[in-house]
Amino acid sequence: MKLERLNLVENNALINGAWTQEASGRVFPVLNPADGTLLTEVADCGAVEAKAAVDAANKAFPLWSGKLHKERAQLLRRWFDLLMVHREDLARLISSEQGKCMAESRGEVDYGAAYVEWFAEEAKRDYGDVIPEPLKDRKVIVIRQPVGVVACITPWNFPIAMIARKIAPALAAGCTVVCKPAEDTPLSSLAIAKLAEEAGIPPGVINIVPASRQRAAEVVDVWLADGRVRKLTFTGSTPVGKHLARESANTLKRLSMELGGNAPFIVFDDADLDAAVEGALVAKFRNSGQTCVCANRLLVQDGVYDAFAAKLALAVAKLKVAPATDPDAEQGPLINEKAIAKVEDHVQDAVSKGAKVLLGGKRHALGGNFFEPTVLIDVTTEMKLCSEETFGPLAPLFRFKTEAEAVALANDTPFGLAAYFYSKDLGRVWRVAEELQVGMVGINEGRISTEVAPFGGIKESGYGREGSKYGMEDYQYIKYLCMGGLGDPTN
Ligand code: ADP
């Protein structure tokens, strides 16, 4: 896809305000997942660049954290404005390297930029506290301070939103960052870093160090070992998150972990079925099912099971599967062959254990990384798709009889990111919302992500919150100041 501004495609790392090649000129390919063609090659950084990035971020920290909150707010605001000016080009970049359709890519630019706007505003409202003193001659004050250099490691499914959601609160709080974008999608993050530079965010405040999968650990290991990196924020798979958490212990870094999910989507007998189908389309099929809050298990009550299945299959059948170059595309390719193979494996495993294919079920006639949007019925808990995150366009329908059974099924997973349920019964709404072991609940709603709300999970889905009034705290220490000797000596 042709960009209006060709130089938004950047192939090098951003370190200390300079676009930098890997020391020996090493590069890795970035592919278009719709057809496997080469988009471009990007610097394949290693330990040398990783260290240089921390040096730069560490040097920039006193200057950046020393700015007035209002100055940081203005720079973030300017960055937001530039993201909006280049919305269409950024959407084209996302679609090219990640595959989602243009309507979704535009939505992602808006969503990612909204975090920058939000934290531009929050930067000015970074209030401390004055606590009523326990003794006459003193004051007890609490201030918030930036933790320091932050390492941000992001996945490929939302190449702009995931990194914006980390950089924006970090910068608002006064931190500087070193970032490693996912190897499948480095171009979008390099482009937004370029716009941050143009907005006037000083050199060294944002450093982006792309690397291939083979070198990802080499870059991140440098950051894990470096005591100057005071926080690590990660969005990605649970095994990698656990590894990073373990390795962060040596320098006791602060951590935010946004890891895998296994979201239940519950449809009760008393639900508005049309609304539930609409919600399921969003919660299950957005980004072709490649979202961490994606509905992984659809639990449907006995009385409406057949009706819901039929309505859902009808709606899913209408989704247009096509590359993002088709303006009517609604379902793009999956990110790579590994992703396709996983969905295929989940379908085959389920069918071998008694599930029936109501719709789809196989690789799409378009070939490559395209998979047919799929609906399976008669699904049971013995199937792999119950315990593993499919991360693809596969809607498996489980049947349940009672509310208690639904809640038990929903919670029967080590994960706890998002859950959704549809019911019109007010008592049930409160009961179920409180009983679900997750960080986020969509009640009669399939689309829950927004910059104004705290995004994050519990259990093995991680900890920390992104967005909202809570989002900046993850990047700050609170410091208690005890100001004594305030009594009147003449008294
Ligand atoms: P996914 O399966 O969605 O690719 P991952 O957790 O594997 O999720 O990847 C998320 C991010 O973590 C990517 O930027 C990836 O390069 C990075 N990553 C993967 N493995 C490691 C590792 N061992 N050390 C550091 N970063 C890693």
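Participant: Looking at this model, I keep getting lost on the overall build of the protein. Mind explaining?
Facilitator: Regarding its fold elements, the protein presents 14 helices and 22 strands. Taken against the 2.2 N^0.38 rule, which gives 23 Å for 491 residues, the C-alpha radius of gyration of the protein at 24 Å falls within 12% of a compact globule. Taking all 491 residues of the protein together, 56% fall into the buried category. Across the protein, the fraction of contacts at a sequence separation of at least 24, relative to all contacts at a separation of at least 6, is 73%. Carbon and sulfur atoms make up 55% of the accessible area of the protein, which totals about 19,600 Å².

Participant: Hey, could you run me through the nonpolar core in this one?
Facilitator: Nonpolar side chains tend toward joint burial in soluble globular proteins. In terms of nonpolar packing, the biggest core is built from 94 residues, with W79, I206, F265, F308, L312 and L397 touching the most fellow members. Once residues within four sequence positions are removed from consideration, F265 is found in contact with A276, G279, A280, A283, A295, R297, L298, L299, F308, Y420 and Y422. If you look at the next biggest cluster of nonpolar residues, it comprises 33 residues, including W156, V379, C386 and A406.

Participant: What is the right way to look at the packing of helix α7 (residues 213-225) against helix α8 (residues 238-248) in this model?
Facilitator: Helix-helix packing: each pair is described by the crossing angle between the helix axes and the interaxial distance. α8 packs onto α7 with a crossing angle of 35 degrees between their chain directions and a minimal axis gap of 9 Å. In this structure, α7 crosses over α8, and the sense of that crossing is right-handed. Only H243, L244, E247 and S248 of α8 make contact with α7, whose side of the interface consists of V220, D221 and L224. For the contact of α7 with α8, the class distribution of residues is 3 nonpolar, 2 polar and 2 charged.

Participant: I tried to follow the sheet that holds strand β16 (residues 394-400) on my own but got confused; where do I start?
Facilitator: Strand pairing in a sheet relies on backbone hydrogen bonds. The paired strands run either parallel or antiparallel. Across the sheet, 7 strands lie side by side as β14-β15-β16-β13-β12-β18-β19; this open sheet has mixed pairing. On the outer flanks of this sheet lie β14 (356-359) and β19 (440-443), each paired with one strand and no other. For this sheet, the mean inter-axis angle between neighbouring strands, taken without regard to orientation, is 25 degrees. The pairing of strand β12 (residues 263-267) with strand β13 (residues 295-301) spans 5 bridges and is classified as parallel. If you follow P264 over to β13, its bridge partner there is R297. Sheet contacts for helix α10 (residues 305-317): β12, β13, β14, β15 (374-379) and β16; angle to β16, the most-contacted strand, approximately 170 degrees. Running at roughly 170 degrees to β13, helix α13 (residues 403-411) makes contact with β12, β13 and β16 of the sheet.

Participant: Would you explain the environment of K242 in this entry?
Facilitator: Topologically, K242 is positioned in helix α8. The spacing of K242 and G462 is 220 residues in sequence and 9.1 Å in space, taken between C-alpha atoms.

Participant: Would you take a moment to explain unusual backbone geometry for this structure?
Facilitator: In most cases, non-glycine residues show a negative phi, while peptide bonds are predominantly trans. The phi angle at S288 is positive, at roughly 55 degrees, despite the residue not being glycine. Summarising the element assignment, S288 is placed in the loop between α9 (273-285) and β13. Taking relative accessible area as the criterion, S288 reaches 4% and is therefore assigned buried. With a phi close to 55 degrees, F391 is a non-glycine residue in the positive phi region. Considering the arrangement of structural elements, one finds F391 in the loop between α12 (384-387) and β16. Its relative accessible area of 18% is what places F391 among the buried residues.

Participant: How should I be thinking about the site of the ligand in this particular structure?
Facilitator: What surrounds the ligand is a group of 15 residues, the closest being T154, K180, E183, R213 and S237. Between K180 and the ligand, the recorded distance is 2.9 Å, taken from a side-chain N or O atom to an oxygen atom. Interatomic distance of 2.6 Å between a side-chain N/O atom of R213 and an oxygen atom of the ligand. Out of a free accessible area of 550 Å², the ligand has 83% covered by protein chains. Take the shell around the ligand: its biggest share by element is 4 residues, from α7. By residue class, the composition of the shell around the ligand is 9 nonpolar, 3 polar and 3 charged.

Participant: I would appreciate a short explanation of the pattern of salt bridges in the present structure.
Facilitator: When their charged atoms lie close together, side chains carrying opposite charge are able to pair. Scanning the entire structure with this criterion turns up 36 salt bridges. Residue R213 pairs with E183 through a salt bridge whose shortest N-O separation is 2.7 Å. Of this pair, R213 sits in helix α7 while E183 sits in the loop between β8 (176-180) and α6 (186-198), and the two are 30 residues apart along the sequence. R213 sits in the exposed class, given a relative accessible area of 55%. Bridged by salt links that share partners, the residues K51, D55, D226 and R228 form one connected network.

Participant: Is there a simple way to explain the side chain of Q476 in this structure?
Facilitator: Looking at where Q476 falls in the secondary structure, it is placed in strand β22 (residues 476-483). One polar contact links Q476 to D126, side chain to side chain, over a distance of 2.9 Å. If near-sequence neighbours (up to four positions away) are discounted, Q476 is found in contact with D126, R144, Q145, P146, V147, A173 and R254.

What counts, and where the lines are drawn
Residue indices follow the written sequence of each chain, beginning from 1 at its first position. In keeping with the model being predicted, local features are shown solely for residues with a pLDDT of at least 70 and side-chain atom pairs are shown and tallied solely at 80 or more, while totals for entire chains, interfaces and linings include all residues. Values reported for side chains reflect all heavy atoms of the structure, with hydrogen atoms and water molecules removed beforehand. Secondary structure elements follow DSSP: runs of H or I no shorter than four residues count as helices, runs of E no shorter than two count as strands, and numbering proceeds from the N terminus. Atoms considered for the radius of gyration are the C-alpha atoms alone. The globule rule reads 2.2 Å times the number of residues to the power 0.38. Partly exposed describes any residue whose relative accessible area lies between the buried limit of under 20% and the exposed limit of over 50%, with all areas from a 1.4 Å probe on protein chains only and scaled to the type maximum. Whether two residues touch is decided by their heavy atoms; if any such pair falls within 4.5 Å, the residues are in contact. Using the Shrake-Rupley algorithm and a 1.4 Å probe, accessible areas are obtained, with residue cover drawn only from the displayed protein chains. To qualify as a nonpolar core, a set must consist of buried Ala, Val, Leu, Ile, Met, Phe, Trp, Tyr and Cys residues joined through side-chain atoms within 4.5 Å. Axis definition: a line fit to C-alpha positions, over the contact stretch in the case of helices; interaxial angles, taken between N-to-C directions, run 0 to 180 degrees. By definition, any crossing whose near helix is turned counterclockwise from its far helix by less than a right angle is left-handed, and any crossing with a clockwise turn is right-handed. Any residue that is not Ala, Val, Leu, Ile, Met, Phe, Trp, Tyr, Cys, Pro, Asp, Glu, Lys or Arg is counted as polar, Gly included; the first ten are nonpolar and the last four charged. A pair of strands is considered paired only if DSSP assigns at least 2 bridges between the two. We call a residue near a given molecule or strand whenever any one of its heavy atoms falls within 4 Å of it. Whenever a nitrogen or oxygen atom comes within 3.5 Å of another N or O atom, the pair is scored as a polar contact, on the condition that within protein one atom can donate a hydrogen and the other can accept it, and that pairs from neighbouring residues in sequence are kept only if both atoms are in side chains. Any Lys or Arg side-chain nitrogen found within 4 Å of a carboxyl oxygen on Asp or Glu counts as a salt bridge.

In short, the description is geometric, and any link to function would need to be established separately.
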